[in-house]
Amino acid sequence: MDPSIENDHLEKIRRRLRLRNEQILSIFESYQKTSNENPNRLLVLVESNGTFAVFSLALLQLPPHYESDISIDAIYCVNSFFSINAEVKNSMTFEIVTLSDSPTFHYYPIPSIFKTDFDSFHRQVISAQEAFKSRQELDAASNSFSWLNEYKVDKDFIAIDVKAANGTRPLSKGVSKFQEELKKREQEYITYSDYTFYCGTWNVNGKGCTEHSLRSWLAKTTSPPDFYAIALQEVDLSAKAIAMNDSKIDQTWIRKFLDGLHSEAAYEELVSVRLVGMMLSIFVKQDIRQHVTRYTVSSAATGVFNVMGNKGGVAVSLTLNMTDICFVCSHLAAHMDQIERRNLDYAEIMKRCTFDEVFRKRTIKDHDQIFWLGDLNYRINEIPGQIVDRRDIAGLLKNDQLLQEMRKRNVFNDFEEGPITFNPTYKYDPGTDQYDSSEKMRAPAWCDRILRKGDRIQLILYDNVMEIRQSDHKPVYAVFSVGIKTKDDKKYKRVHEDVLKTVDKYENDNQPQISVEKTEIDFNEIRFNERLTRDFTIANSHHLSANFSFKEKEEQQICKKWFKVEPTTGTLLTGDSLIIRITFKGLDSRNIGEFLKIVKGGGSVPLDILVLHVQDGRDIFITINGEYIPSCFGFDMDLLCRTDRPIAEYSLEQLDELEKSSAKCDFKVTMPREIFFLIDYLSASVESMKDVFFLDRKHSKHHSLNLVRDWLDSWSRQDFPSNKQVAAEALLMLLESPNQPLLHPFEELFLSTESFEVISSYVLKLSPPKRNVFLHLCMFLKEIESKGNNINELAMIFGNVIVKGRRQVPGYRDGRCQLFMLRFLLNKDVASFAVENVQMEC
Amino acid sequence: MAKKTYDLLFKLLLIGDSGVGKTCILFRFSDDAFTSTFISTIGIDFKIKTVELRGKKIKLQIWDTAGQERFHTITTSYYRGAMGIMLVYDITNEKSFENIVKWLRNIDEHANEDVEKMILGNKCDMDEKRIVSKDRGESIAREHGIRFMETSAKANVNIEKAFCELAEAILDKTSGREPAENTERVAFDRRGAGQEKQASYKNCCST
């Protein structure tokens, strides 16, 4: 390979790897085998201050044309763990191992554009490793691979959404991405602060409070708790209350509670909720009230028919700082044998207690922490024949229905309960500490329980209160230390700003991207009536699929009319490439004039610029260049008369100059030689002039037209390269192709005037070249008419061409042009007028 | 927690001669990085950057245009949707400064009438090669009633400030356009906005 080209590739790699002081020691070309393709890999050995690394580069194309064709596939540090296993080379593969327990990477050598063969690459890598090792012995600290950290940006730091990249889920955008990132970094701005929660539950057996004070139940801690959740059951057992599903808060209880709370702090009632017998009140220390940002209540009846409120639950949902907390007070189905019913009641409450929020319904389980208090009514199973010692708590607990059901995961899944060290709370003779002495002789049970679920909850106390005796239940309470999530505003602000940046970066990195082989397409030499195509490749080496389309520009066209682009839209999956074909459709007598206006003056004006739009991404401009080689077609008769050498010897600039210097006397000939050559050739065979001019112009696509073009453009002395039909067509094209028709500027007037004299007078006012061409044509047409050609047909063909030109102006009806020609050609004086007025010499 | 990542979306455009540093300015602003290798922008690129101004999160969508002469006709078709335009010249390149007038004419012809404009004299770190004095930059800006700043993408001078100021100018207009019960209130709001200006820069431009 040419060393300069190789240097060029090296330079691209250097730039791509942003190498400064680092040296590229060796490059070796190989490929890898992956599941469905064999991507090329350039292995590049790079040295930086005595440490070495092998870069495995993925290439969009080989050799790389652009820096963007190169991406880093992997980087291997040449440290003591590195090994490049040449033994397997003979089976056309070699391995790279970086750490003894890391995977082996297989590469397959291929003939390289770079001069290195495997042996020399291998030798260099081995000696690099030797150098590294000996250096390490001298000074272990100096062997730093930190220079490689920069490349982590390439692979790790780009916020690639792997799932979006492999198409298993859409790219998350905007809000959801923002929330996702913020949640991910929660630990950075969340701190936990401990709050003390007091939870108490008591089945009051349908009686109002007769206790002097509840302090013996509620004020159990040395320092005042932050929260009180107090649950009562059987507040009112009257049939009326049950029938009405009474939910009115009994204020006497609230007053009693407030009176009994810890005396060393000021509390306020946050909220209370009641359903018939069940009531739940939350009290909060006044100085932390402001940290409760939200609370709502809910209830679910599971009594008779699942609608009566004699059984069921009431609940409070609240947010304390950033923690969502739920307190539930429930009274589940009674009786020894109703275990399943109780389990069902629990499930119903879980399902039906919902808290309305703006966008959704929150259920009990949608909380960070849940405290469940109440008369759960689970009993102690009695085993026949077994005599139970009521003071043997451990023995009794073995038969506790709730613990048994929880172990079976039939109820209160993932809830926890503190160890029970107190006597069963039910059933006592009211006013005493004696178990039921009535006829029913109900067996004692731990009906009243306090459970919790969630992280960072520490149980401090769990006990009952024997000295409160008014009910057949004893009150139970539990004290917890609860870790509450709190947002550190300063940290949050910083993380928030950071997350905004991350999301911006994510969005920027996840723009679909397409690389283009080249942004300049050169058609080189463009000639009249020649079709050309150019192909270029677009590819997607980005991790997201990309939709592309060529954008419409002015006049809703993606390109000028003489170009065609295929395909104009499409999708490129990662790793895909596609060939775009640009066709130059060719210039004909209808569009050459317009084309010349654009390229006039030559220079470096692009022929067109295409806009390749990547959906949700950038636009790439693709410039189409080409040099137009002038031909006589498309130029005005006046200009053609100013040339003094074949048009092929002129540049566009020179022709432009010629056109601008329009002094009258500088016509070199009376009529363009090109016209003359054609008429001359046709006249030579005038004897057989039938079937030469055709209304349908069927020779306009004739294959020898370009030979005629070159013959005309070079003023060739060779024989005419085609036949007379093609000559006739070339003549028509020559007359038709200039921007202005031959009879310009009087074309309108000619069509509306019948008088031969008037027409003649205007013919004389045409520019000399135009006048001469016109009169010559008339004489020529008269001549071939006399040889049996149909004058009507000739008048129609030529009328369109010289009066109308190539313009499709509405109102110029074919008939009128023909009529004008006929009027002129059939006039008896036309021959003498032509002979008299045609200019023979310049 | 915020329900939207941003409150407002502003579309900004960078224009100016080829090589004045438009892409570098954008790269500095969006990625806080600089690279001295010149890669001509062949098309239109854009980047996203969210800033906070007066407590509002404003998402800036910044379009970087190809500066090369031959693309001018095409790039003007991108002016229409822009709410703010940064017109960049290079203080070491006389021609790029002279062309400011041409670019301004381009804006008049193709951009929205109420587009906010700002002229940036970039590469102000290269004082030893300076050809266009700051005075000349200031005076042409004054002449056209446009904001002006000298910037350096390389040394990170005024880049963030420029974008924030442009965004703020658009914000002024946007809030002025909000329906108000009476004109007095609008006037009051705008005064209030002005007073806030100093403090809010800090907000946005501290990183």
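Residues numbered from 1 in each chain as written. Chains lettered and ligands numbered in written order. Predicted model: local features only at pLDDT ≥ 70, side-chain atom pairs only at ≥ 80, totals over all residues.

The subject of this paragraph is the overall build of chain A. Of the regular secondary structure elements, chain A holds 25 helices and 30 strands. Each of the 842 residues in chain A was classed as buried or not, and the buried ones make up 37%. Of all intrachain contacts in chain A linking residues separated by at least 6 positions in sequence, the fraction that spans at least 24 positions is 68%. (Helix = DSSP H or I, 4+ residues; strand = E, 2+ residues; numbered from the N terminus. Buried ≥ 20, exposed ≤ 12 C-beta atoms within 10 Å, placed from the backbone. Contact = placed C-beta atoms within 7 Å.)

Turning to the nonpolar core, a few remarks are in order. All names here are of chain A. Formed by 93 residues in total, the largest nonpolar core has its most connected members in Ala727, Ala730, Phe774 and Phe798. Ranked by residue count, the leading element in this core is helix H19 (residues 724-736), at nine residues. For this core, the two domains that each supply at least three residues are domain 4 (515-628) and domain 5 (664-837). Ala730 has contacts with Leu678, Leu705 and Val708, leaving out every residue within four places of it along the chain. Judged by nonpolar contacts, the second largest core, of 76 residues, contains Val297, Cys326, Ile420 and Phe480. (Core = buried A, V, L, I, M, F, W, Y, C linked by C-beta atoms within 7 Å. Domains from an automatic or database assignment.)

On to the interface of chain A and chain B, then. A common way to report how large an interface is uses the accessible area buried once the components associate. Contacts between the two partners involve 19 residues from chain A, matched on the other side by 18 residues from chain B. For the side of chain A that touches chain B, the secondary structure elements donating two or more residues are helix H5 (174-184), helix H13 (489-509), strand S29 (608-614) and strand S30 (619-628) of chain A. Tallying contributions element by element places H13 of chain A first for the side of chain A that touches chain B, with five residues. Considering only residue class, the side of chain A that touches chain B consists of nine nonpolar, four polar and six charged. Pairing of S30 of chain A with strand S2 (residues 43-53) of chain B involves two bridges; the strand directions are antiparallel. Among the inter-strand pairings, Asp619 of chain A is bridged to a residue of S2 of chain B, identified as Ile44 of chain B. (Nonpolar A, V, L, I, M, F, W, Y, C, P; charged D, E, K, R; others polar. Pairing = 2+ DSSP bridges.)

This paragraph deals with the sheet that holds strand S20 (residues 457-464) of chain A. Residues and elements named next belong to chain A. Taken together, six strands build an open sheet; the order of strands is S10-S11-S9-S8-S21-S20 and the sheet is mixed. The strands lining the two open edges of the sheet, one partner per strand, are strand S10 (267-275) and S20. For this sheet, the mean inter-axis angle between neighbouring strands, taken without regard to orientation, is 20 degrees. One ladder, built from eight bridges, connects S10 with strand S11 (residues 278-285); its direction is antiparallel. Note on S11: the bridge partner recorded for Arg274 is Met279. (Axes fitted to C-alpha atoms, helices over the stretch in contact; angles between N-to-C directions.)

As for its placement among the helices and strands, Thr35 of chain B is situated in the loop between helix H1 (22-31) and S2. With eleven residues separating them along the chain, Thr35 of chain B and Cys24 of chain B place their C-alpha atoms 7.3 Å apart.

This part is about the confidence of the model for chain B. Any region with low pLDDT has predicted coordinates that should not be read closely. Residue and element names in this part refer to chain B. Taken residue by residue, chain B gives an average pLDDT of 83. The fraction at 70 or more is 82%. The weakest mean pLDDT in chain B belongs to helix H7 (residues 183-205) at 37; the strongest belongs to strand S4 (residues 84-90) at 97. A low-confidence stretch, residues 177-207 (pLDDT under 50), is modelled with 21 contacts involving residues beyond four sequence positions or located in other chains. With pTM at 0.62, the complex prediction returns an ipTM value of 0.85. (pLDDT = per-residue confidence, 0-100.)

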